[in-house]
Amino acid sequence: MVFRTKTGGEYGLDAYFFLNVEKVERRATLIRKAEDLKLISKKPSTALLSGEDVEEYLLGLFSKLYELSGERMKERTSHIRRWNLLRLIGIPSGHQRHVEKEEELARENREALLALAILRKVLGIKKPEDIEKAGGIEFEGGYGIFELEIEGGNVNDPVYRELFKVDPIAGMALSWLRIKGEKG
């Protein structure tokens, strides 16, 4: 679906995969400039999100990501603090286990911050208190189609390629879409 924000940008949102990803922070990666889309007037049968709900959904997603990025950072610093305390007083606690946990928390934190940065750019707001200023997401009834080429297990678009690699629910949704496409 195609929408316009108060920043003047026209963006497209994948109304099918947007709701078919495991983690909320991966949804923001499915927003792209509308110029990459082939515009159509009729709502595709696979679209799970309606145009009237796009503003509410994007602002809700922004609030959730803002909260989530702070929680991830708190969890990460808390883990480092506990680990450093144990190390300082000489209690062995499994160095490799803590390194792996830190890498996992860092990756999750980066994902949340990237998603938040994407929505900040699209919506033109910095924090949840600015949501009133963000009003003005216009859905003009337009939809767009983004064509993916899939050969074997490879997808031509790097965003979707990575998404299908790391997100099992998106992979299952792609399989379902392929089966539906072959049937009708």
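Residues numbered from 1 in each chain as written. Predicted model: local features only at pLDDT ≥ 70, side-chain atom pairs only at ≥ 80, totals over all residues. Heavy atoms only, no water.

## Some remarks on the overall build of the protein
- Looking only at helices and strands, the protein has five helices and eight strands in total.
- Going from N to C terminus, the protein has its helices and strands arranged as β-β-β-β-α-α-α-β-β-β-β-α-α.
- Overall, the protein is about 65 × 45 × 20 Å in size when its C-alpha atoms are taken along their principal axes.
- Here the protein, with 184 residues, has 38% of them falling under the buried criterion.
- Relative to all contacts within the protein whose residues are 6 or more apart in sequence, the contacts with residues 24 or more apart total 74%.
- As displayed, the protein offers around 10,900 Å² of accessible surface, 53% of which is attributable to carbon and sulfur atoms.
- Positive and negative side-chain charges of the protein, numbering 31 and 31 respectively, have mean locations separated by a distance of 4 Å. (Helix = DSSP H or I, 4+ residues; strand = E, 2+ residues; numbered from the N terminus. Buried < 20%, exposed > 50% of the residue type's maximum accessible area, 1.4 Å probe, protein only. Contact = heavy atoms within 4.5 Å. Areas by Shrake-Rupley, 256 points an atom, 1.4 Å probe, with all protein chains shown as cover. Lys, Arg positive; Asp, Glu negative; His and termini not counted. Charge placed at Lys NZ, Arg CZ, Asp CG, Glu CD.)

## A word on the nonpolar core
- Ranked by size, the top nonpolar core spans 38 residues in total, and within it F3, I31, L58, L119 and L123 carry the most contacts.
- Looking at this core, the elements that each hand over two or more residues are β2 (10-13), α1 (54-88), α2 (95-123), α4 (158-166) and α5 (168-183).
- Tallying contributions element by element places α1 first for this core, with seven residues.
- When neighbours within four sequence positions are excluded, F3 is seen to be in contact with G9, E10, Y11, G12, L13, I31, V54, L58, V122, I137 and E138. (Core = buried A, V, L, I, M, F, W, Y, C linked by side-chain atoms within 4.5 Å.)

## Thoughts on the pairing of β2
- Bridge analysis of strand β1 (residues 2-4) against β2 gives three bridges, and the strand direction is antiparallel. Opposite F3, over in β2, you have Y11 as the bridge partner.
- Counted between consecutive antiparallel strands, the loop separating β1 from β2 contains five residues, among which G8 sits at a positive phi close to 95°.
- Judged from the three bridges that link them, β2 and strand β3 (residues 31-33) form a sheet pairing that is antiparallel. From the neighbouring strand, G12 faces β3, where its bridge partner is R32. (Pairing = 2+ DSSP bridges.)

## Things to note about the pattern of salt bridges
- Per the counting criterion, the structure on display carries 10 salt bridges.
- The shortest N-O distance in the salt bridge between D167 and R26 comes to 3.2 Å. With a gap of 141 residues between them, D167 in the loop between α4 and α5 and R26 in the loop between β2 and β3 connect regions that are remote in the sequence. Like D167, the residue R26 is buried in the burial classification.
- Across the pair K38 and E147 runs a salt bridge, and its minimum N-O distance is 3.3 Å. Of this pair, K38 sits in strand β4 (residues 38-40) while E147 sits in the loop between β6 (143-145) and β7 (150-151); the two residues are 109 residues apart in sequence, bridging distant segments of the chain. (Salt bridge = Lys/Arg side-chain N within 4 Å of Asp/Glu carboxyl O.)

## Considerations on the packing of aromatic side chains
- In this structure the tally under the stated criterion is eight aromatic pairs.
- Centroid distance Y160 to F164: 6.0 Å. Interplanar angle 50°. Geometry classified as tilted. In this pair, Y160 and F164 both sit in helix α4, four residues apart, roughly one turn of the helix. Of the two residues examined, Y160 and F164, each falls in the buried class.
- Members of the aromatic cluster, each reached through a chain of ring pairs, are Y16, F17, F146, Y160 and F164. (Phe/Tyr/Trp six-rings, centres within 6.5 Å; stacked < 30°, edge-to-face > 60°.)

## Here's the deal with the sheet that holds β3
- Here we have four strands laid out as an open sheet, ordered β3-β2-β1-β5, and antiparallel in their pairing. Of all the strands in the sheet, the pair left with one neighbour each is β3 and β5 (138-139).

## Brief notes about the packing of α1 against α2
- In contact at an axis separation of 9 Å, α1 and α2 are set at 155° when each is read in the N-to-C sense. Between α1 and α2, the angle falls in the class roughly antiparallel. The interaxial crossing formed by α1 with α2 has left-handed handedness.
- Of the residues assigned to the contact of α1 with α2, the class counts are 18 nonpolar, five polar and seven charged. (Axes fitted to C-alpha atoms, helices over the stretch in contact; angles between N-to-C directions. Parallel < 35°, antiparallel > 145°, perpendicular 65-115°, else oblique. Left-handed = near helix turned anticlockwise from the far one by under 90°. Nonpolar A, V, L, I, M, F, W, Y, C, P; charged D, E, K, R; others polar.)

## Describing a nonpolar patch on the surface
- A cluster of nonpolar side chains, L85, L88, I89 and I91, forms an exposed patch at the surface whose accessible area comes to about 440 Å².
- By the secondary structure assignment, I89 is in the loop between α1 and α2. (Patch = residues over 30% accessible without salt bridge, like charges linked within 9 Å, V, L, I, M, F, W, Y side chains within 5 Å.)

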